[in-house]
Amino acid sequence: MRLQGVALFIAVAVIAPSAFSARPTALTIPLQGCVWHSGDNPDWSAPSLDESGWQHYALHQQVSQSHLWIRCHADLSPIVDFDEPALQVRLYAAYEVYVDGRLIGTFGNLQSGSFDMNLIQQWPLPRDLRHTSSIAIRSAWHFTSAIPFAPYPSLELRAGSEPSLRDRRSTVIVAESERRLIPAICFCIVGILGLIVLGLWINDPDRRELLVLGINCVALPPIYLNYLGAAALLAYPASAYFIVWAVPAFLTNICRTVFFFQLARRRVPFLFWALIALATAIHLITFAVAVLPPSAALWLDGLRSGQLGAISQFASVLESSAPFFAFMPWRRLSRRMRPLAALCMVWGVTMMLFFSVRFTSARVPGLPDLQSQWSNTVSDFEAIATLGVLVALLTLLSREQQQVTRERAVLAGELQAAQQVQQLLAPSTLDTLPGFRLAVAFHPVSEVGGDFYNCSILPGKRQRIIIGDVSGKGAAAAMTAAVILGAAQRREDESPAALLHHLNLVLANMRVIGFATCLCAEISSDRELLLANAGHLAPYRNGQELSILNGLPLGIAPEAEYAETTLQLLSGDLLTFFSDGVVEARNRAGELFGFDRAAAISTQPTESIASAIQAFGQEDDVTIVTLAL
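Note that the structure is a prediction, hence the values are computed from the model and not measured. Residue positions within a chain follow its written sequence, with the count starting from 1. This being a predicted model, a pLDDT of at least 70 is required before a residue's local features are given, and a value of 80 or more before pairs of side-chain atoms are given or counted; all residues contribute to the totals for chains, interfaces and linings. With hydrogens and water set aside, each side-chain value is computed from the structure's full complement of heavy atoms.

A. Up close: the pattern of salt bridges. Just to be clear on terms, a salt bridge is a Lys or Arg side-chain nitrogen sitting within 4 Å of an Asp or Glu carboxyl oxygen. The full count for this structure, using the stated rule, is 15 salt bridges. Residues Arg491 and Glu494 are paired through a salt bridge, measuring 2.6 Å at the closest nitrogen-oxygen approach. On the basis of relative accessible area, Arg491 is assigned to the partly exposed category, the value being 28%. When salt bridges with common partners are traced through the structure, they connect Asp40, Glu96 and Arg138 into a single cluster. In this scheme, a residue with accessible area under 20% of its type's maximum is buried, one over 50% is exposed, and one in between is partly exposed, where area comes from a 1.4 Å probe on protein chains only.

B. Summary view of unusual backbone geometry. Here Met328 and Pro329 are connected by a cis peptide whose omega angle stands at -10 degrees. One non-glycine residue, Arg527, lies in positive phi territory at about 70 degrees. Looking at where Arg527 falls in the secondary structure, it is placed in the loop between β14 (516-524) and β15 (528-534). The way it works is that DSSP assigns letters per residue, a run of H or I at least four long becomes a helix, a run of E at least two long becomes a strand, and they are numbered from the N terminus.

C. Region of the structure containing empty space enclosed by the protein. Cavity and pocket criteria rest on a 1 Å grid covering protein atoms alone: a 1.4 Å probe that fits but cannot get out defines a cavity, protein on both sides within 12 Å along at least 5 of 7 lines defines an open pocket, and an atom within 4 Å of a point defines a lining residue. Grid points are joined across faces, edges and corners, and a volume is the space filled by probe spheres set on the points. Within the structure shown, the criterion is met by three cavities of 30 Å³ or more. There is about 220 Å³ of room inside the largest cavity. Surrounding the largest cavity, 24 residues form its lining, Ala249, Thr252, Phe354, Phe355 and Arg358 being those nearest its centre. Of all the secondary-structure elements, those providing two or more residues to the lining of the largest cavity are α3 (208-231), α4 (238-263), α5 (270-291), α7 (307-319), α9 (337-359) and α10 (370-425). Note on residue categories: nonpolar means Ala, Val, Leu, Ile, Met, Phe, Trp, Tyr, Cys or Pro, charged means Asp, Glu, Lys or Arg, and polar means any other residue, Gly included. Its residues assigned to classes, the lining of the largest cavity shows 13 nonpolar, eight polar and three charged.

D. Representation of the sheet that holds β15 in the model. Spatially, β12-β13-β14-β15-β18 is the arrangement adopted by the five strands of the open sheet, whose pairing is antiparallel. Strands at the two margins of the open sheet, each flanked by one partner only, are β12 (451-458) and β18 (564-568). Sheet twist, expressed as the mean angle between neighbouring strand axes with direction ignored, is 15 degrees. Pairing between strands is defined by DSSP: at least two bridges between the two strands are required. In the sheet, strand β13 (residues 462-470) pairs with β14 via nine bridges, with the strands oriented antiparallel. Where helices are involved, their axes are fitted lines through C-alpha atoms of the stretch in contact, as for all axes, and angles between N-to-C directions lie from 0 to 180°.

E. Representation of the state of the cysteines in the model. To count as a disulfide, a pair of cysteine sulfur atoms needs to be within 2.5 Å. The final tally for this structure, using the stated rule, is one disulfide. The closest cysteine sulfur to the non-disulfide-bonded Cys186 is located on Cys188, 9.5 Å from its own sulfur. Of all cysteine sulfurs in the structure, the one in Cys520 sits closest to Cys455, which takes part in no disulfide; the separation is 11 Å.

F. Seen up close, the nonpolar core. What we call a nonpolar core is a set of buried Ala, Val, Leu, Ile, Met, Phe, Trp, Tyr and Cys residues that are connected through their side-chain atoms within 4.5 Å. If you look at the biggest cluster of nonpolar residues, it comprises 110 residues, and the most contacted ones within it are Leu87 and Phe327. For this core, the element with the highest residue contribution is α4, accounting for 12 residues. Only heavy atoms matter for contacts: two residues are in contact if any of them lie within 4.5 Å across the pair. Excluding its chain neighbours within four sequence positions, the residues that come into contact with Phe327 are Phe260, Leu263, Ala264, Arg266, Leu333, Met337, Ala341, Cys344 and Met345.

G. Main features of the pairing of strand β2 (residues 35-38). Pairing of β2 with strand β3 (residues 55-56), which is carried by two bridges, proceeds in the antiparallel orientation. Each residue of the ladder has a partner; that of Val35, found in β3, is His56. The sheet contact formed by β2 and strand β4 (residues 67-74) spans four bridges and is antiparallel. By the bridge assignment, Trp36 is partnered in β4 with Ile70.

Encoded structure:
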């Protein structure tokens, strides 16, 4: 008896759990027996409908018309006795669901085809179910495939107790969210890095590579948070889901490629602009699909998920090779640029792998669908690799920004010193002899220039004017000009020729590269003009160029001698002195301003002449001095 009792206990212990578990809490309704028909006839919900003209429903049914009826048959009697029997539906469309001809639930808007991303819905079932019940779904479709290029989500039907169906829905949310979690976290960090990059750009607007990189980084989090929101079955519109993918994806596709060429200081080649256009066309179409009415959206979405999608993905693969073209040849890259170029190439290879796997989902004949197998792995790899690359890029770019800031601080000091030199070259006050009127216009092409002038009053009521131009531009030319003006100081008793001889020796002994032209004019109170010239432009008298003796520019030959020209001026005369930046101005057609135009405007005010030169096309420093008697 004891042995029989033990055996009975073991049997109960083994069999009882299976007996209790034999009654299912939910059942999956197979789709193999389901049929479909295009159109919208409310009578098709009838349980006894003749389905002989209907087509078998495929696992991933492609839809070409906006309205579709789906009918299935299932034995729901096992769940009738549940306390809360319910039907759970997952369908990527707006729909009404009927059981044995009775409406039990509605999802979305059948008129517009709009619905939200809370795709798993469930409704209470009536208790008076037939042995074999008919389930009819009246649907309105807006999209033919998911984004970016996933197969169309299949219809799913389950029946069971409402608590068990809710538990299953929660399980799906957790499983789907886990798949999207790593990319979402990584790209949220990338978005924060993008804000830092944009801050660097605001500090230095000339570095446009920081702007496009920042936009690329900031645009990435919405894409992957959008995926995560859909996985969590958040109830936001499906059209918004498409738009939130299309717009940021459009921006990142453009900015990523442009960044590589901006960083390399090269223009984006036409070939890559063409690839960008092909790759981003799919994003523009996706945006249009989300806002168009259902019939037009379905047609356009069919293109997006078909051949156009394959072309776009292949263009994205080729576009991802941009860093290899932007930074070639490697041997010409500076040591500073090589680490940045290497990181960009790693980024490019990552995106090539990512888009190559996605390309296989475009149903290209002969290619296996790697996207369906490796989608999660590749997405996680892309997110982690992109995050690593961008962290390293930001580190290097931040260091470079610090270096640029230090260099600019040094440059600011040099600029301040150059401005002090400029004040010497272009004094704000003009020493003018009573009865004379002096005016000056001085416009260097950079912060400092090589033109110089000086106006001073000499003993014996004489007015001295010195004007000249040092070969070259920038700080070096300005320093040479400052030396010349410094050497001309305290030489009031020397004649113009003697002064030029002295300046020539000073410049020759300095052994600087280049030379300087210089003209020295002295006008006495009785209007006698004495001129000596070292290769400078002759002045104009009342619009006519003066004929004067000329000599070699300063600094060419130490033994050079300079002759003087004497002229008697009259009351009302106007003398105009130019630097060569006036006659050497050049317009867009390559035409020089020339001597004839210079003579024609020589009687105008100095600033009017300068404005005319700038409008024509200034290429060199411009100095204009006028003396009115």
